[in-house]
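Chain residues, written in single-letter form:
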Amino acid sequence: MARKKIALVGAGQIGGTMALVLAQKQLGDVVLIDIPQTEGMPKGKALDIMEGRSVMGTSCNLSGSTDYADIAGADVVIVTAGVPRKPGMSRDDLLGINCGVIKTVGEAIKNTAPNAFVIVITNPLDAMVYNMQKVTGFPSNKVIGMAGVLDSSRLACFVAMELGVSAEDVKAVVMGGHGDTMVSLYDCVSVGGIPLSRLMSKEKFDELAKRTAGAGGEIVNLLVRGSAFYSPATSAIKMAEAYLLDKKSVLTCAVKLDGEYGVKGLYCGVPCVIGANGVEKIFDLSSSMNDAEKAAFANSVEACKKNADWVDANT
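Here the structure is a predicted model, which means the values were calculated and not measured.

I would appreciate a short explanation of the pattern of salt bridges in the present structure.
It is possible for side chains of opposite charge to pair when their charged atoms get near one another. Tallied over the entire structure, the rule returns twelve salt bridges. Its salt-bridge partner being glutamate 241, residue lysine 25 comes within 3.5 Å of it at the nearest N-O pair. With lysine 25 in helix α1 (residues 13–25) and glutamate 241 in helix α9 (residues 230–244), this pair connects stretches of sequence that are 216 residues apart. On the basis of relative accessibility, which here comes to 15%, the residue glutamate 241 falls in the buried class. One network of salt bridges, with partners in common, ties together Glu162, Lys204 and Glu207.

What follows is the structure, given as structure tokens:
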């Protein structure tokens, strides 16, 4: 049986980390793609990981390239290409420049890997995955955005730190757009199966939810010359793994809504099932959300719509 092929468009910090994790997990052969001006970087990172395979105990092949033709036949394409945030910038500040990047990448994927499952990481996330699906024309179940997995993991981290428990025992759901308007659901957080409401006050939770919404900016300010890469990379690989191994994983991802939550035609972060057919099911939690959560989610959807409208008007 032939190995799966995973193409990583963007060989920067996120791309390099994803390549390493993919090799460790032995999910398939990897090709790192970057722009011609950085020819040595994708090749160097691929070779560096290749030289460590004996130590890692893996046999996956990795290569680097600046030619989009080399993603031909990829089963999964993960897109990180674009400009990262700098201190003082919001994700939306990247809208114009990264929209052009996604158009170029999307056309290349359409022409060379028409059957790929596409995961977008580039910010502003919800607008970029919306643009990717528009450019490729792929069915919406095959084009998805990485945001909720990361945001939920960040919230789980902060809850675990506050309670002094293992982060792997904390399950959380953070919905909506990948930005300041994201919505953390108090009633959807559990610790070892115990509802968070039995362990933490709503007031303390709200503090952690606020930190979660600003978590990306917190890291940008600390790094100064870059943005988060370890946690976004591992979050994207979790999504790719669910698809490649048909795991039917329940993950919060940016998916195209078709009437769920009263929203149609927009990408927004909600819980869904990821398996061999891509997005196989979307869970609509609107009937169990309280009025405050519904209002917050509607506000987040409006932020996604504003950016999607910009994409429509400028592409």
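Anyway, onward from the coordinates.
Explain the environment of alanine 167 here, please?
Among the structural elements, alanine 167 can be located in the loop between α6 (148–163) and β7 (170–171). In this structure alanine 167 comes out as partly exposed when scored by relative accessible area, which is 43%. When the C-alpha atoms of alanine 167 and glycine 262 are compared, they prove to be 33 Å apart, with 95 residues separating the residues in sequence.

I keep staring at the nonpolar core and nothing clicks. Help me out?
What tends to happen in soluble globular proteins is that the nonpolar side chains get buried as a cluster. By size, the foremost hydrophobic cluster in this structure holds 85 residues, and its most contacted members are Ile78, Val79, Ile109 and Ile274. Per-element tally for this core: the top contributor is α9, with eight residues. Contacts of valine 79, omitting those with residues within four sequence positions, involve Val9, Ile102, Val105, Ile109, Val118, Ile119, Val120, Ile121, Thr122 and Met132.

Please explain the sheet that holds β7 as it appears in this structure.
Each strand in a sheet pairs with another by means of backbone hydrogen bonds, the pair being arranged parallel or else antiparallel. Across the sheet, which stays open at both edges, the three strands sit in the order β7-β10-β11 with antiparallel pairing between neighbours. Lying at the two open borders of the sheet, with one neighbouring strand each, are β7 and β11 (194–195).

I keep staring at the packing of aromatic side chains and nothing clicks. Help me out?
The geometry of an aromatic ring pair is captured by two quantities: the separation of the ring centres and the angle between the planes. Evaluated as defined, the whole model comprises four aromatic pairs. A centroid spacing of 4.3 Å and a plane angle of 15° characterise the contact between phenylalanine 117 and tyrosine 243, whose relative ring orientation is stacked. With phenylalanine 117 in strand β5 (residues 117–120) and tyrosine 243 in helix α9, the pair connects residues that are 126 residues apart, well separated along the chain. Using a relative accessible area of 12% as the deciding quantity, one classes tyrosine 243 as buried. Aromatic pair tyrosine 261 and phenylalanine 297: ring centres 5.0 Å apart, planes at 40°, arrangement tilted. Highlighted residues: tyrosine 261 in the loop between β12 (249–258) and β13 (264–275) and phenylalanine 297 in helix α10 (residues 291–314), separated in sequence by 36 residues. With respect to burial, tyrosine 261 and phenylalanine 297 carry one shared label: buried.

Reading guide: rules and limits
- Residues numbered from 1 in each chain as written.
- Predicted model: local features only at pLDDT ≥ 70, side-chain atom pairs only at ≥ 80, totals over all residues.
- Heavy atoms only, no water.
- Salt bridge = Lys/Arg side-chain N within 4 Å of Asp/Glu carboxyl O.
- Helix = DSSP H or I, 4+ residues; strand = E, 2+ residues; numbered from the N terminus.
- Buried < 20%, exposed > 50% of the residue type's maximum accessible area, 1.4 Å probe, protein only.
- Core = buried A, V, L, I, M, F, W, Y, C linked by side-chain atoms within 4.5 Å.
- Contact = heavy atoms within 4.5 Å.
- Pairing = 2+ DSSP bridges.
- Phe/Tyr/Trp six-rings, centres within 6.5 Å; stacked < 30°, edge-to-face > 60°.

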